[in-house]
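Chain residues, written in single-letter form:
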Amino acid sequence: MELTDFLTLIQLAAGLNIAFVAVEVAQGYTRILSDKVFNITQLLDNAFQELKSTISVNRTTLDNTHSTDVDGKSTTNKIEEVKREYEKLEKKIEQITDDITANSNLKCNFRCFSGLSLMIFFFCCTLIFLAPFNAISLAFLMTLLTLIYSIGGWFLYESRLFCSLKVVIWEFTGGMIVCIILWLCIRNWDVFKTFMQSANDLTIITASLLPFVNFIAFFLKVIRRVQDIRQQISQHRTSLITEIEPINEKFNKLRSLELLKMEMTD
């Protein structure tokens, strides 16, 4: 097995990663996933639409509700009180929607994703350069370095080491120099030669597939974040339903009084 056998796959990975860098810088790939694929906005609409509709209908009904005297006391103040409570709850729903939307954009926007993709693009370019020479031993060192760097980025995704494109360029340059120096030092060691004979195929397969793992890792991260957001929406919805129930009871009592008055008048 030779590196040239996977050259087309590596070239595809290079194109995807550099394209992603451009998309991430311009719009935010992970944010696009949360907005378009998982549709956070639609989740919010579905969760709170029934509550908003109830508030809207009941407030309109109260606007057309006439006051009624009960034991010599007018229900005007009670009507206005319930209207204010509905209005307050409506504003709370709007605030929760805005907060969750802003929070989802922040949670699902992994800034380091572009940095990792740039590093992997450089890695792919290096493999393309090394392929004609079948320099598997040097490719092994570069693959090991890139794998360690990627794993670090998956867990330390807020670090400037992975988020800054300028820093990533310097990191790749430094890593490349270290790998070349190390390769020049150990390439003639019998132990290293023996190891590379057994690790040849594994190195080529790992080097060819690693560029795609980055996308999978962050896609899974976005899924996990979206699940957290869904749980947060569900909790808010349950809380709002609990809050609106006593207001609806007051509303129903006021409507019952008006209907009773209408029946007695008729």
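Residues numbered from 1 in each chain as written. Predicted model: local features only at pLDDT ≥ 70, side-chain atom pairs only at ≥ 80, totals over all residues. Heavy atoms only, no water.

**Student:** Tell me about the overall build of the chain, and name the residues and values.
**Tutor:** Of the regular secondary structure elements, the chain holds nine helices and two strands. Going from the N terminus to the C terminus, the chain shows its helices and strands as α-α-α-β-β-α-α-α-α-α-α. Going through the 266 residues of the chain one by one, you find that 40% of them count as buried. Split by element, the accessible area of the chain, about 15,300 Å² in all, is 60% carbon and sulfur. (Helix = DSSP H or I, 4+ residues; strand = E, 2+ residues; numbered from the N terminus. Buried < 20%, exposed > 50% of the residue type's maximum accessible area, 1.4 Å probe, protein only. Areas by Shrake-Rupley, 256 points an atom, 1.4 Å probe, with all protein chains shown as cover.)

**Student:** Describe helix H8 (residues 165-186), listing the residues and the values that go with them.
**Tutor:** For H8, spanning 22 residues, the distance from its first C-alpha to its last is 31 Å, which sits close to the expected 32 Å at 1.5 Å a residue. All of the buried residues in H8 are Val 167, Val 168, Phe 172, Gly 175, Met 176, Cys 179, Trp 183 and Ile 186. Projection of H8 onto a plane perpendicular to its axis shows the buried side chains occupying an angular sector of 165°, all on one side. Residues of H8 that are exposed and point over 90 degrees away from its buried face: Lys 166, Trp 170 and Val 178. (Expected span 1.5 Å × (residues − 1). Arc of directions from axis to C-beta.)

**Student:** For the packing of helix H6 (residues 136-155) against H8, give the residues involved together with the corresponding values.
**Tutor:** Running from N to C, H6 and H8 cross one another at 140°; their axes reach a closest spacing of 10 Å. Regarding the angle of H6 to H8, the classification is oblique. The chirality of how H6 crosses H8 is right-handed. Contact residues: H6 offers Ser 137, Leu 138, Leu 141, Met 142, Leu 145 and Tyr 149, while H8 offers Val 168, Glu 171, Phe 172, Gly 175, Met 176, Cys 179, Ile 180, Leu 182 and Trp 183. (Axes fitted to C-alpha atoms, helices over the stretch in contact; angles between N-to-C directions. Parallel < 35°, antiparallel > 145°, perpendicular 65-115°, else oblique. Left-handed = near helix turned anticlockwise from the far one by under 90°. Contact = heavy atoms within 4.5 Å.)

**Student:** Tell me what's going on with the environment of Asn 77, and back it up with residues and numbers.
**Tutor:** Checked against the element boundaries, Asn 77 lands in helix H4 (residues 76-107). Here Asn 77 falls in the exposed class, since its relative accessible area comes to 62%. Measuring from C-alpha to C-alpha, the distance between Asn 77 and Ser 67 comes to 8.8 Å, with 10 residues separating the pair along the chain.

**Student:** How would you sum up the side chain of Asn 17? Please name residues and give values.
**Tutor:** The topology assignment puts Asn 17 in helix H1 (residues 7-26). Overall, Asn 17 belongs to the buried group, its relative accessible area being 0%. Side-chain polar atoms of Asn 17 contact the backbone oxygen of Ala 13, separated by 2.8 Å. Residues in contact with Asn 17, not counting those within four places in the same chain, are Ser 117, Ile 120, Phe 121, Pro 211, Asn 214 and Phe 215. (Polar contact = N/O pair within 3.5 Å; in protein donor to acceptor, adjacent residues only side chain to side chain.)

**Student:** How would you sum up the nonpolar core? Please name residues and give values.
**Tutor:** What tends to happen in soluble globular proteins is that the nonpolar side chains get buried as a cluster. Within the largest apolar cluster, 41 residues are counted, with the highest numbers of intra-cluster contacts made by Leu 3 and Leu 127. The biggest single contributor to this core is helix H5 (residues 112-130), with 11 residues. Each residue touching Leu 127, except ones within four places of it in the same chain, is listed here: Leu 3, Ile 10, Ala 139 and Ala 207. Grouped together as the second largest cluster of nonpolar side chains are 23 residues, Leu 62, Ile 96, Leu 240 and Ile 247 included. (Core = buried A, V, L, I, M, F, W, Y, C linked by side-chain atoms within 4.5 Å.)

**Student:** Break down the pattern of salt bridges for me, citing the residues and quoting the values.
**Tutor:** Applying the stated criterion across every chain, the model contains nine salt bridges. Residue Glu 90 is joined to Arg 59 by a salt bridge in which the shortest nitrogen-to-oxygen separation is 2.5 Å. One end of the pair, Glu 90, is in helix H4; the other, Arg 59, is in helix H3 (residues 40-63), and 31 residues separate them in sequence. Notably, a salt bridge pairs Lys 91 with Glu 87, separated by 3.7 Å at the nearest N-O pair. Taken together, the residues Lys 91 and Glu 87, both in helix H4 and four residues apart, mark about one turn of the helix. Take Glu 87: its relative accessible area is 31%, and that puts it in the partly exposed class. Sharing partners across several salt bridges, the network here consists of Lys 78, Glu 81, Glu 85 and Lys 250. (Salt bridge = Lys/Arg side-chain N within 4 Å of Asp/Glu carboxyl O.)

**Student:** Please give an account of a nonpolar patch on the surface that cites residues and values.
**Tutor:** Side chains of Met 1, Ile 205 and Leu 209 sit close together on the surface and give an oily, nonpolar patch of about 260 Å² of accessible area. Mapping Leu 209 onto the fold places it in helix H9 (residues 190-265). Overall, Leu 209 belongs to the partly exposed group, its relative accessible area being 45%. (Patch = residues over 30% accessible without salt bridge, like charges linked within 9 Å, V, L, I, M, F, W, Y side chains within 5 Å.)

Spatial relationships are all this shows, so hold off on functional conclusions.
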